[in-house]
Amino acid sequence: MKHAKKIAAAGAVVAALALAGCSTQADTVSYNLSQDAEKFEIERRIVFINGITDKYLLEIEGKCNIETGDSMAAGTLEVVCKVGDEEYKKHFLGLSDNVTFIVEQVEGTEVDPFHYRVNFRPETILPDIDLQVSDG
C-alpha cells in the first residue's frame with residue numbers, strides 16, 4: 001500500500017513537471033486541443049484553396065485529425081476522420097506552392113474558455129449555382 005502511494009506521488013510530480021514545461025495558458029490550451037483532436041473529439045473543417053484562382057478545391061468536415069509531421073512526405077497532409085463508432089477514413093493530400101489549407105475548429109470545447117470566430121467570404125463558401133426553369 002505504501003509502495004502504491006509512492007508511485008502515485010511520483011506520477012503526480014512528473015505530471016506537474018510536464019505541465020510546467022508549457023510556459024503560458026495558451027500553450028497549455030493549444031496542447032490540450034491537439035490531444036483532443038487526436039482522440040477525434042474536435043469537430044473540424046479543413047479547406048484546400050488554390051492560391052492562384054482563390055477557389056476552394058476540397059472541403060473535409062468532421063471529427064478529424066491532421067498530420068504534417070516529419071514522417072510525412074514533403075508537401076503531404078494526412079487527414080484521418082472518425083465516421084462511425086469504430087469506423088475511420090484516411091486521406092492523403094498533396095500540397096504545392098499554389099495550394100494551401102485552413103483547418104478550422106467548428107465547435108468550442110471545454111479546454112478553451114474563450115470564443116473565437118473565423119470569417120470566410122460567403123462567395124467562396126457557397127458555390128455558383130445555375131438554375132434552369134423548365135416549362136413542363
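Data block above holds the structure.
Residues numbered from 1 in each chain as written. Predicted model: local features only at pLDDT ≥ 70, side-chain atom pairs only at ≥ 80, totals over all residues. Heavy atoms only, no water.

## A few points about unusual backbone geometry
Not every positive phi belongs to a glycine, and F40 is a case in point at roughly 60 degrees. Mapping F40 onto the fold places it in the loop between α2 (25-38) and β1 (43-50). A positive phi angle, close to 55 degrees, is found at D54, a residue other than glycine. Structurally, D54 can be placed in the loop between β1 and β2 (56-67). (Helix = DSSP H or I, 4+ residues; strand = E, 2+ residues; numbered from the N terminus.)

## What about the pattern of salt bridges?
In the structure shown here, the tally under the stated rule is five salt bridges. A salt bridge links E104 to R45; its shortest N-O distance comes to 2.8 Å. Separated by 59 residues along the polypeptide, E104 in strand β5 (residues 99-105) and R45 in strand β1 bring together distant segments of the chain. One exposure class covers both E104 and R45, and it is buried. K90 serves as the salt-bridge partner of E78, at 3.7 Å between the closest nitrogen and oxygen. Of this pair, E78 sits in strand β3 (residues 76-84) while K90 sits in strand β4 (residues 87-94), and the two are twelve residues apart along the sequence. On the accessibility criterion, E78 (14% relative accessible area) is buried. Connected through salt bridges with shared partners, the residues R45, E59 and E104 form a single ionic network. (Salt bridge = Lys/Arg side-chain N within 4 Å of Asp/Glu carboxyl O. Buried < 20%, exposed > 50% of the residue type's maximum accessible area, 1.4 Å probe, protein only.)

Take it as geometry only, folks, not as evidence of what the structure does.
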